[in-house]
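Listed here are the chains, written in short residue letters.
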Amino acid sequence: VNFVVCQLFALLAAIWFRTYLHSSKTSSFIRHIVATLLGLYLALFCFGWYALHFLVQSGISYCIMIIIGVESMHNPMMIITQKITSLAYEIHDGMFRKDEELTPSQRVLAVRRMPSLLEYVSYNCNFMGILAGPLCSYKDYITFIEGRSYHMTQSGENGKEEVQYERTEPSPNEAVVQKLLVCGLSLLVHLTISNMLPVEYNIDERFQATASWPTKITYLYMSLLAARPKYYFAWTLADAINNAAGFGFRGYDRNGAAHWDLISNLRIQQIEMSTSFKMFLDNWNIQTALWLKRVCYERASISPTIQTFFLSAIWHGVYPGYYLTFLTGVLMTLAARAMRNNFRHYFLKTPQLKLFYDIITWAVTQIAISYTVVPFVLLSIKPSFTFYSSWYYCLHVCSILVLWLLPVKKTQKGKNIHENHQLSQSRKVDERENSLGEDSFPTTNSICNQNQAKASRPPSSRQ
C-alpha cells in the first residue's frame, strides 16, 4: 500500500514538476534539489529511518544490503546499485580510457567530467525513480534536468556532443494516459486472476500425482502468465511517472508521432508473443538487460553469457531460487541459440514454413521460460527441486543434449545488431519481426539514432 500511495504521489509531483519547474522556468540547480528532496521524502515515508541506508548504499556497495538484510528495501537498493555501477563505468570510459578503446555505445554514454555531489545524489535518489526505477543513463538524466532533451545532438570525432537543432517539445499526456490504463488493467488482473492460478500449485502433491502431462504444461504456462501483471503494473507506472515529469522522450517516428519509451522497461506484446528466449529477455526488464550488457557482457573476457547470468543472480539477492533460475537460464539461452543457428534458415524459404516455425518456437519458448522461472517465484531450494524433479529435469537434459550434439557458433562479444553491418538473412528477418528489440532501443538522448531521427522528425522541426 505504501508503494502504491507513494507512486501515485510521485505521479502528481511529476505533473507539478513539469508544469512549474520546467527547465525553461527555473535552473537545473533547483530542479536537482527538488527532485532529490522529494525522492528522499518518498523513501522515508515508505521505509522510515531505514531510508538512511540509501545514502550508505551510495557510499559503499551492494554488499550492505545482504549484510543488514533489509528485505523491504530490496528493490530500491537494486536500482541504486545499477545506477552506481553504470555511472562508475561511464566515468571510467569517459575519463580514463581512450576513445579508440571504446565501443560506439560506450563512447556515447561516456561521462567526461566528474559529477558534482548534487548531480550524483539527484541521479540516484530523484523521486521519479527511487522506488521502482527504471534505470536510466546518467547523461540522459542530466540532459533532462538541464532541458536539453529536445536538442538533436551528434557525437563528433573528439567524442563531444554538438547541438544541431532543437526539436519541438511534445506533450507526454497521451503516453501517460495510455500507460496508466495499462497499469489499471494489470492491477485488476493481478488482484483477480493471479490469485486463482498460484505458481505453488505446480508442486502440489495431488496435482503432480493426478494431472496429465498436457494439464501440467498448460497450468505451468497459465500460472506464470498470471504472475507477470504485477511486474507490468509496477514498471509501467514507474515509466508513466517519468513521462509525466517530461523524462523519457525518445524521438519521432516517420509519421511524426512522439515516442516516450526511452527508459521503458518492458514491451508486453513482444513478451507474450516471443518466439525465442532472446526475444523474451530483450523485452523483459529492458533497462536491467542493458545494464547487464554494458557492465558485464561487453567487458567480460571469458564466458560472458555465464558471467552475465551469475551477476544477475547476485544482483537479485540471496534466495537459492534466483541462482537456480539463472543457471537454468544459461543452459536455455545457449541451447536456444544453437537450435536457432542450426535450423532456422531451413524455415525461411516460404511464408508457410516461417509461420509453422513461429508457432512451434512460440510454444516452446513460453514453456521454456515458465519452466526456467519457477524457482524465481518459489525462492526456496526444496520446492524448486521438487518442481524440477516432477518434470524429470527434462528441459535441462534436452538443453545439455542440444549443446553436446549440435555445433555451436561462437559469437563476437560486444557486437550488437546495429554495429554489425554484415547481417545474415535470418537476422534481417529478426529486425522486421522485432523492430523494437533491445539493440534498437536508444540509450542516450537519441544520439545513437541520430540518422533515423533526422529522417523521421516532423516537418515543423525540419528547419
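Position numbers for residues start from 1 in each chain and track the written sequence from start to end. For a predicted model such as this one, the threshold for reporting local features is a pLDDT of at least 70, and the threshold for listing and counting side-chain atom pairs is 80 or more; totals across whole chains, interfaces and linings nevertheless cover every residue. Computation of side-chain values: all heavy atoms of the structure, hydrogens and water removed.

As recorded by an unreviewed UniProt entry, the chain carries the name Membrane bound O-acyltransferase domain containing 2 and is attributed to Ictidomys tridecemlineatus.

Attention now goes to the packing of helix 1 (residues 2–20) against helix 2 (residues 28–47). With their axes 10 Å apart at the nearest point, helix 1 and helix 2 run at an angle of 165° to one another. Put simply, helix 1 runs roughly antiparallel to helix 2. Both helix 1 and helix 2 take part in a crossing whose hand is right-handed. Counting all contacts with helix 1, which are made through N2, F3, V5, C6, F9, A10, A13, W16 and F17, the residues of helix 2 involved are R31, V34, A35, L38, Y41, L42, F45 and C46. Put simply, Ala, Val, Leu, Ile, Met, Phe, Trp, Tyr, Cys and Pro go in the nonpolar bin, Asp, Glu, Lys and Arg in the charged bin, and everything else, Gly too, in the polar bin. Taken together, the residues of the contact of helix 1 with helix 2 sort by class into 15 nonpolar, 1 polar and 1 charged. In this analysis, axes come from line fits to C-alpha atoms, helices being fitted only over the stretch in contact, and the angle between any two N-to-C directions falls in the range 0 to 180 degrees. Helix and strand assignments follow DSSP, with helices taken as H or I runs no shorter than four residues and strands as E runs no shorter than two, numbered in order from the N terminus. Reported orientations rely on four angle classes, namely roughly parallel under 35 degrees, roughly antiparallel over 145, roughly perpendicular from 65 to 115, and oblique for the rest. What makes a crossing left-handed is the near helix being turned counterclockwise from the far one by less than a right angle; a clockwise turn instead makes it right-handed. Should any heavy atoms of two residues lie within 4.5 Å, those residues are considered in contact.

Here we come to empty space enclosed by the protein. Here a cavity denotes a set of grid points, spaced 1 Å apart and computed over the protein atoms alone, in which a 1.4 Å probe fits but from which it cannot get out, and a pocket denotes an open set meeting protein on both sides within 12 Å along at least five of seven lines; residues with an atom within 4 Å of a point are reported as lining. Grid points are joined across faces, edges and corners, and a volume is the space filled by probe spheres set on the points. Throughout the structure, instances matching the rule amount to 3 cavities of 30 Å³ or more. In this model, the largest cavity occupies a volume close to 160 Å³. Secondary-structure elements contributing two or more residues to the lining of the largest cavity are helix 5 (74–95), helix 6 (104–109) and helix 15 (286–297). Each residue belonging to the lining of the largest cavity can be placed in one class, and the counts come to 10 nonpolar, 7 polar and 6 charged.

Position of S390 relative to the elements: it lies in helix 19 (residues 381–390). Once residues lying within four places of it in the same chain are set aside, the contact partners of S390 are Q208, W213 and K216.

UniProt positions are given in the numbering used here, feature names are shortened, and annotations may be inferred rather than shown by experiment. In the UniProt entry, the feature "transmembrane region" (unreviewed entry) is given for residues 33–52, 309–334, 355–378 and 390–408. Spanning residues 355–378, this segment combines 100% helix with 0% strand, and its end C-alpha atoms are found 35 Å apart.

Right, let's get into the layout of surface pockets. The computed volume of the second largest pocket comes to approximately 660 Å³. In terms of lining, the second largest pocket is formed by 21 residues, of which the most central are Q178, K179, W260, D261 and S264. Broken down by secondary-structure element, the contributors of at least two residues to the lining of the second largest pocket are helix 9 (173–196), helix 12 (229–244), strand 4 (258–259) and helix 13 (268–272). No other element matches helix 9, which puts 6 residues into the lining of the second largest pocket. When the residues that make up the lining of the second largest pocket are grouped by side-chain class, the tally is 8 nonpolar, 8 polar and 5 charged. The split of the chain into domains comes from an automatic or database domain assignment. Formed jointly, the lining of the second largest pocket draws a minimum of three residues from each of two domains, domain 3 (171–251) and domain 4 (267–411).

A few words now on the pattern of salt bridges. Salt bridges are identified by distance alone: a Lys or Arg side-chain nitrogen within 4 Å of an Asp or Glu carboxyl oxygen. Tallied over the entire structure, the rule returns 11 salt bridges. Ionic pairing is found between D261 and R250, a salt bridge with its closest N-O pair at 2.5 Å. Taken together, the positions of D261 in the loop between strand 4 and helix 13 and R250 in the loop between helix 12 and strand 3 (251–252) put the pair 11 residues apart, joining distant regions of the chain. Here the two residues D261 and R250 agree in accessibility, since each one is buried. Type-normalised accessible area, obtained with a 1.4 Å probe on protein chains alone, sets the label of each residue: buried when under 20%, exposed when over 50%, and partly exposed for intermediate values.

Glancing now at the nonpolar core. Side chains of nonpolar character tend, in soluble globular proteins, to be buried together. Within the largest apolar cluster, 47 residues are counted, with the highest numbers of intra-cluster contacts made by F17, Y123, F127, M128, Y141, F144 and I241. Listing elements by their share of this core, those giving two or more residues are helix 1, helix 2, helix 5, helix 7 (117–125), helix 8 (138–145), helix 9, helix 12 and helix 15. Top contributing element to this core by residue count: helix 2, with 7 residues. Discounting chain neighbours no more than four positions away, the residues touching F127 are A10, A13, A14, F17, A35, L38, G39 and L42. In this description, a nonpolar core means a group of buried Ala, Val, Leu, Ile, Met, Phe, Trp, Tyr and Cys residues linked to one another through side-chain atoms lying within 4.5 Å.

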